[in-house]
Structures are given as structure tokens and as C-alpha cells.
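# What the coordinates show
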2 protein chains.
Amino acid sequence: MFKLPNEVIFYLIERAIKEYRQFAQKQFNKAFTDITVDQAMIFVLIANNPNLNQEEIGQIVFKEKASVTRMIELLRKNGYLKRSIHETDRRRFILLPTDKGEIALENLISIIEKNRSIALEGISEEDQMHLKTTLQSLIKNCNQ
Amino acid sequence: MFKLPNEVIFYLIERAIKEYRQFAQKQFNKAFTDITVDQAMIFVLIANNPNLNQEEIGQIVFKEKASVTRMIELLRKNGYLKRSIHETDRRRFILLPTDKGEIALENLISIIEKNRSIALEGISEEDQMHLKTTLQSLIKNCNQ
DNA sequence: GTAATTTAGTTGATATATCAACTTTATATG
DNA sequence: CATATAAAGTTGATATATCAACTAAATTAC
């Protein structure tokens, strides 16, 4: 009855995302010394959706708002993002890429696209759709 | 061109494993106060393969041997595992479940089986095979 | 309009993962 | 056999994630 983790679907899912993260991080490291996969993810997200608040960002990337605060602080400290206070709600911040951030963004986005297409090489559109559908069922099952 | 993480396959993979882990942890917490998903994973692995060394365990669960050391130490501290020195190689340890550990194991294994079957409910054998195959291609692609 | 509640974000304590340096034992090489 | 190298496991420093408690601003309710 015992199965090596290798044969277990959940282990494989875990492994897949870890391999992809490692691979993606390696690619980022070629161009940056101070950006992690998670930072890149929220950086691109914020740049494309400047209206999101940190709670919402957290929900989208499936992390706590406390973690979001800290990732944003790192992006700010490293000069990629700047914060200003929201005009009508002074509890919030407006997050915008700095000039350095804008340049980095372009680069990041092209690296991300390349990463994704390498990781999905040889996997047909149909298989990708199929994968998504199955994962969505799985997610739903875990939330009963 | 920008896609919300939701539509991106890698995000979905990440999300799926996080949801499963959260779900699994909740189930563990009903029966135990001191066992994490990762600890359960290596505990079952060790119990079924007492001959593995910590480096190998790490490779199988995709973690550093340093992390394995610390997880084993927790399992030991909480009374689930006992260590004795390997007869022929004194650098190694033999890891065996304690009596408490044996009882916990049975319980854990049945929880794990239940968790998996709930998470996979409604997903056909064929879809599961398909998922595995696709993830394996993805893993291979990340290792070029 | 003031008090109570909610919301946005931060911070401290804690847990766990990793890396690199280390100890101890085993093995290989001359 | 002595020494060099490799292997098993540990440990300290560091990074990041989470939880819960917190501050400050906004909203609701009286």
C-alpha cells in the first residue's frame, strides 16, 4: 500500500512548483541580484493593477497581508517601488514603480514569459487546459 | 497581455498545493497538536523505509538535509521517533517509531488516505494520470 | 457630532527553510 | 599505515511566512 512520494499526485504537484520556482529564480538571478520569485510576482501584479490594496494583493498571490507588507518594503528598499499616500483614503498607499523599477519591469516580464514558455514546452494547449481544469477541481475539493 | 495570476498555470499549481496543504493540516490538527504536513510526510516515509539516510530523505521530499535534521529532531522531541546509532556506519542513525509513534502512524496514514481521496473526489483515474504526465513534462522542462 | 466598529497596513514573536561552515566517521590513495 | 578526501549529519546565520496584537484612519450607528 505504501507509495513513494514520487508516485503520489500531491507530491508531484509540490515538486513541479518547486522545480519551476527554482528554475525561475535562476533566470532572475542572471539579471538581478535582489529580486525573488515572489517579489517579481507581486511587483508585476502591482504595476498592472495599481488600484489593488495590500489585502487584495495578498489574496491574489495567496499570502498574508503581513507578508505582502514585507515584500513591498523590500521592493521599496531596493529602489523598485515608491509609495505615496492615497489621496482619498489616508490609510492606504499608492504603489508605483520607480524609474529603475520601470526598466526592471520590462526585463522581468520578458524573463517571466520566457520562463513560462520553456516550462510549458511540448505541452499542448489542450493538455494545459486539462491541467488547469483538474487543478481547479482539486482546489474546490479542498475547500468543502 | 497581462494575466491575473489566476489564469496562469503556475499560479494554479502553487495554489492547488497550498490549498491541499492547508486542508491536510486542518485534518491533522483534529487528531494531533504537534504534527505538521511535512513532518507527517517524512515520518511515514521513514517508517516505511528505515534504511534511507537523511540525505536521501531530503532528496525524496525535495528538501535540504539540514531541514530533514530539524524535522527529525522535532519528531524525536515530540516522542514519535527514536534514534539509535547505525551498527556498521557510526555517522548514521537508525530511526524507528516509538510506541506512541506507531499508534500515531496508523492514525496518520488513515488521515492521509482520507485527505487524498477527498481532494481527488470526482477526478477520474484518467485525469489523474493525465495530470501526472503533464506535471512530469513540466518538471523535466525546468531541468534543462 | 461623538462613540463604536471596521478597515488598511505594520510590527513583534515564532516557525521553518536554506546555505555554508563545521564535526565526526568512513573510504580511497599513496 | 598515514594522510587526503568524501560522506552523514549538525549548527549558526539569515531569509521569509504566519499569527496575533497593534496603530491610525475611515465608516457606521446612535
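Note that the coordinates shown come from a computational prediction; the quantities given were computed from them, not determined experimentally. (Residues numbered from 1 in each chain as written. Chains lettered and ligands numbered in written order. Predicted model: local features only at pLDDT ≥ 70, side-chain atom pairs only at ≥ 80, totals over all residues. Heavy atoms only, no water.)

What follows is about the protein's contact with DNA strand D. Lining the immediate surroundings of DNA strand D are 25 residues, of which Ser 67 and Arg 70 of chain A together with Gln 54, Thr 69 and Arg 83 of chain B lie closest. Close to the protein, within 4 Å, the atoms of DNA strand D are drawn from sugar and phosphate at a rate of 62%. Between DNA strand D and the protein, one listed contact pairs a phosphate oxygen with a side-chain N or O atom of Asn 53 of chain B at 3.2 Å. Take Arg 83 of chain B: an N or O atom from its side chain is 2.3 Å from a phosphate oxygen of DNA strand D. Secondary structure elements with two or more residues in the surface near DNA strand D: α2 (37-48) and α4 (65-77) of chain A together with α3 (54-61) and α4 (65-77) of chain B. No other element matches α4 of chain A, which puts five residues into the surface near DNA strand D. For the surface near DNA strand D, a count of residues per class yields five nonpolar, seven polar and 13 charged. (Near = heavy atom within 4 Å. Polar contact = N/O pair within 3.5 Å; in protein donor to acceptor, adjacent residues only side chain to side chain. Helix = DSSP H or I, 4+ residues; strand = E, 2+ residues; numbered from the N terminus. Nonpolar A, V, L, I, M, F, W, Y, C, P; charged D, E, K, R; others polar.)

With that settled, the discussion passes to the nonpolar core. Residues Phe 10 and Tyr 20 of chain A together with Phe 10 of chain B are the most contacted members of the largest nonpolar core, which totals 92 residues. Every residue in contact with Tyr 20 of chain A, bar those within four places of it in the chain, is listed here: Ile 112, Asn 115, Arg 116 and Ala 119 of chain A together with Phe 10, Leu 138 and Cys 142 of chain B. (Core = buried A, V, L, I, M, F, W, Y, C linked by side-chain atoms within 4.5 Å. Buried < 20%, exposed > 50% of the residue type's maximum accessible area, 1.4 Å probe, protein only. Contact = heavy atoms within 4.5 Å.)

Here we come to the confidence of the model for chain A. Here chain A averages 94 in pLDDT, and 99% of its residues register 70 or above. When pLDDT is averaged over each helix and strand of chain A, the minimum, 93, is found for strand β1 (residues 81-85) of chain A and the maximum, 97, for α4 of chain A. (pLDDT = per-residue confidence, 0-100.)

Time to look at the interface of chain B and chain A. If you look at the interface, chain B gives 51 residues, while chain A gives 51 residues. Both faces considered, chain B and chain A share a buried interface measuring about 5,300 Å² in area, 72% of it formed by carbon and sulfur atoms. If you look at where chain B meets chain A, you find two salt bridges. Among the salt bridges present, the one from Glu 14 of chain A reaches Arg 21 of chain B, with a minimum N-O distance of 2.9 Å. Across the contact surface, chain B and chain A share 17 residue pairs in polar contact (both at pLDDT 80 or more). For the side of chain B that touches chain A, the leading source of residues is helix α1 (residues 9-31) of chain B, giving 15 residues. (Buried area = accessible area lost by both parts, 1.4 Å probe. Salt bridge = Lys/Arg side-chain N within 4 Å of Asp/Glu carboxyl O.)

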